[in-house]
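Now for the letters of each chain:
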Amino acid sequence: MADSVTDRFLRYVVIDTQSDAKSPTQPSTEKQKNLGRLLAEELLAIGVTDAHLDEHGYVYGTIPATTSKNNVPVICFTAHMDTAPDFSGTGVKPQVVKNYQGGDIQLVGDRSQVIRVSEHPVLKDLVGHDIVTSDGTTLLGADDKAGIAEIMSAAEFLINNPDIKHGAIRILFTTDEEIGRGVDKVDLKKLGADFGYTMDGETAGTIEDETFSADAVEIAIKGVAMHPGFAYGKMENAIRIAGAIIDRLPKDQAPETTRGRDGFIHPTGISGVMEKSNLSFIVRDFTEEGLKTKEALLEKITREVMAGYPGSSYTFTVKEQYRNMKVVLDRHPEIVEYAVEAIRRAGMEPVRGSIRGGTDGSRLSFMGLPCPNIFAGGHAFHSPLEFVSSQDMEKAVKTIVELARLWEERA
């Protein structure tokens, strides 16, 4: 099974599928459909007869039930096709370190890129594994092509082994997850699932039922433009105003200074000229109260800075991105409990965790499809140091199979 899932993964990562937040289309980049077409074709080839790519770039398919029971819930397994805009995903050259024997891994395409054990202690648990990396000049794309390969391999295994009893299983591959638009156009009625699982986590054995709650904030500043030679007492430079707001952000509420259950205020973009400037932020916290407190602090800072520029004005716009899925999942504890048992049956000690981020499952949960997150095995996402173990991908395939079996057994 490991060879099968790895072969698939190596095929998928060389297809460039980066999403683009600046694009208004769905999907944001047409090239995401290149992988979608391939996946639909492969699903049809293994016997998923209704597999198709829709106009929004989503891939849908069904593994038919093999049980005679009529009360087995319909499960959806989902993963996203796009890779992050944070680092290049063009021209990925995957490398396989066979039978890894420990120590740092120097990447061959850019020898300054080294996956260090001191920074990635999980490597100590991967001795003897086959580890897939990029060559260091691009990201790898394990986020989330590892999840895709695992779902595809599990689908083929279940179809080839009809003696394994399970209910109907829906497959969904999404676009644009990395830019927060992954499920904007998903047709839940067509999907027809009772609940789902994203295969988009990291360390083998992990099941995550909690995410950040997330908002985006845009601050637009209108300054007072003036010829610099005649500006004394009159000019109010919008660039300086923006810089003053950034300078006053609390240093202990940044991504680089927080961990665990601490949230943050994170500036993600700044642009401007003397007359006007724009600031973009993402705000994150595990609680709604924490989120609102941070947004109130950001607006207070903005208001206090603007008080020193009486001729200038600003707008402060908050846009909801996603909410902590634990609110929904706590109403359906069996969805997570069965995943914990499936991980145990696949030979691992389950670890429940929280995500300092979000998944498609965050949004899906609030759209009516409760959807925790299961490990896919990748590490160091969104960077040239990204890596994944073939054996951990195999464990994810087994987890999917055991989960399908478990829901049928207990129906």
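Residues numbered from 1 in each chain as written. Predicted model: local features only at pLDDT ≥ 70, side-chain atom pairs only at ≥ 80, totals over all residues. Heavy atoms only, no water.

### Considering empty space enclosed by the protein
Taken as a whole and assessed by the stated rule, the structure comprises 1 cavity of 30 Å³ or more. Space inside the largest cavity adds up to approximately 40 Å³. In this structure, the largest cavity is lined by Ile63, Phe77, Ile151, Ala154, Ala155, Leu158, Ile169, Ile171 and Ile400. In terms of residue count, helix H3 (residues 142-160) provides more of the lining of the largest cavity than any other element does, 4 residues in total. Of the residues assigned to the lining of the largest cavity, the class counts are 9 nonpolar, no polar and no charged. (1 Å grid on protein atoms, 1.4 Å probe; cavity = no way out; pocket = protein on both sides within 12 Å on 5 of 7 lines; lining within 4 Å. Points joined across faces, edges and corners; volume = space filled by probe spheres on them. Helix = DSSP H or I, 4+ residues; strand = E, 2+ residues; numbered from the N terminus. Nonpolar A, V, L, I, M, F, W, Y, C, P; charged D, E, K, R; others polar.)

### A short note on the packing of aromatic side chains
Counted by the stated rule, this structure contains 7 aromatic pairs. When the centroid spacing of 5.9 Å and the interplanar angle of 90 degrees are considered together, the rings of phenylalanine 195 and tyrosine 197 count as edge-to-face. For the pair phenylalanine 195 and tyrosine 197, a shared accessibility class is recorded, and that class is buried. Between phenylalanine 195 and tryptophan 407, the aromatic rings sit 4.5 Å apart at their centres with planes inclined by 45 degrees, giving tilted as the arrangement. Of this pair, phenylalanine 195 sits in strand E9 (residues 195-201) while tryptophan 407 sits in helix H10 (residues 390-409), placing them 212 residues apart in sequence. Look at tryptophan 407 and you get buried, because its relative accessible area is 7%. Residue placement shows lysine 190 over the ring face of tyrosine 60; its charged tip is 3.9 Å from the ring centre. Over the face of the ring belonging to tyrosine 338 we find arginine 410, whose NZ or CZ atom lies 5.1 Å from the ring centre. (Phe/Tyr/Trp six-rings, centres within 6.5 Å; stacked < 30°, edge-to-face > 60°. Buried < 20%, exposed > 50% of the residue type's maximum accessible area, 1.4 Å probe, protein only. Lys NZ or Arg CZ within 6 Å of the ring centre and 35° of its normal.)

### Focus on the environment of lysine 124
By the element assignment, lysine 124 lies in the loop between strand E6 (114-115) and strand E7 (131-133). Residue class for lysine 124 comes out exposed when judged on its relative accessible area of 59%. Sequence separation of lysine 124 and lysine 189 is 65 residues, and the distance between their C-alpha atoms is 45 Å.

### Some points on unusual backbone geometry
The linkage connecting glutamine 26 with the following residue, proline 27, adopts the cis geometry, with an omega of 0 degrees. Checked against the element boundaries, proline 27 lands in the loop between helix H1 (2-13) and helix H2 (32-46). Between aspartate 143 and the following residue, aspartate 144, the backbone shows a cis peptide bond with an omega angle of 10 degrees. A positive phi angle, close to 50 degrees, is found at asparagine 99, a residue other than glycine. With respect to the helices and strands, asparagine 99 occurs in the loop between strand E4 (95-97) and strand E5 (105-106). On the accessibility criterion, asparagine 99 (43% relative accessible area) is partly exposed. Unusually for a residue other than glycine, alanine 380 sits at a positive phi of about 55 degrees. Among the structural elements, alanine 380 can be located in the loop between strand E17 (378-379) and strand E18 (387-389).

### Details of the nonpolar core
Within the largest apolar cluster, 60 residues are counted, with the highest numbers of intra-cluster contacts made by Phe9, Leu43, Phe77, Ile148, Phe173, Tyr197 and Leu403. Setting aside residues up to four positions removed in sequence, isoleucine 148 forms contacts with Tyr12, Leu35, Leu39, Ala79, His80, Met81 and Phe173. Counting residues in hydrophobic clusters, the runner-up holds 18 residues, among them Ile221, Leu249, Ile265 and Phe316. (Core = buried A, V, L, I, M, F, W, Y, C linked by side-chain atoms within 4.5 Å. Contact = heavy atoms within 4.5 Å.)

### Examining the sheet that holds E17
Strand order across the open sheet formed by 4 strands is E4-E7-E18-E17, with antiparallel pairing between neighbours. Single-partner strands in this sheet number two, and they are E4 and E17. As paired elements, E4 and E7 share 3 bridges and run antiparallel to each other. Its bridge partner being in E7, glutamine 95 is matched across the sheet by threonine 133. Against the sheet, H10 touches E7 and E18, its axis set at about 65 degrees to E18. (Pairing = 2+ DSSP bridges. Axes fitted to C-alpha atoms, helices over the stretch in contact; angles between N-to-C directions.)

### Concerning the sheet that holds strand E12 (residues 264-272)
Pairing is antiparallel across the open sheet formed by 4 strands, whose spatial order is E12-E13-E11-E14. Only two strands of the sheet have a single partner each, and these edge strands are E12 and strand E14 (313-322). With direction set aside, neighbouring strand axes in the sheet form an average angle of 15 degrees. Sheet topology places strand E11 (residues 213-222) next to E14; 9 bridges connect them, and they run antiparallel. When the bridges of E14 are listed, alanine 216 appears paired with lysine 319.

### Focus: helix H9 (residues 360-367)
Those residues of H9 that sit buried are Asp360, Gly361, Ser362, Leu364 and Ser365. For H9, the side-chain oxygen to backbone nitrogen distance between the N-cap and glycine 361 is 2.9 Å, and the N-cap itself is threonine 359. Once H9 finishes, glycine 368 follows within two positions and takes phi at roughly 110 degrees, a positive value. (Polar contact = N/O pair within 3.5 Å; in protein donor to acceptor, adjacent residues only side chain to side chain.)

Spatial relationships are all this shows, so hold off on functional conclusions.
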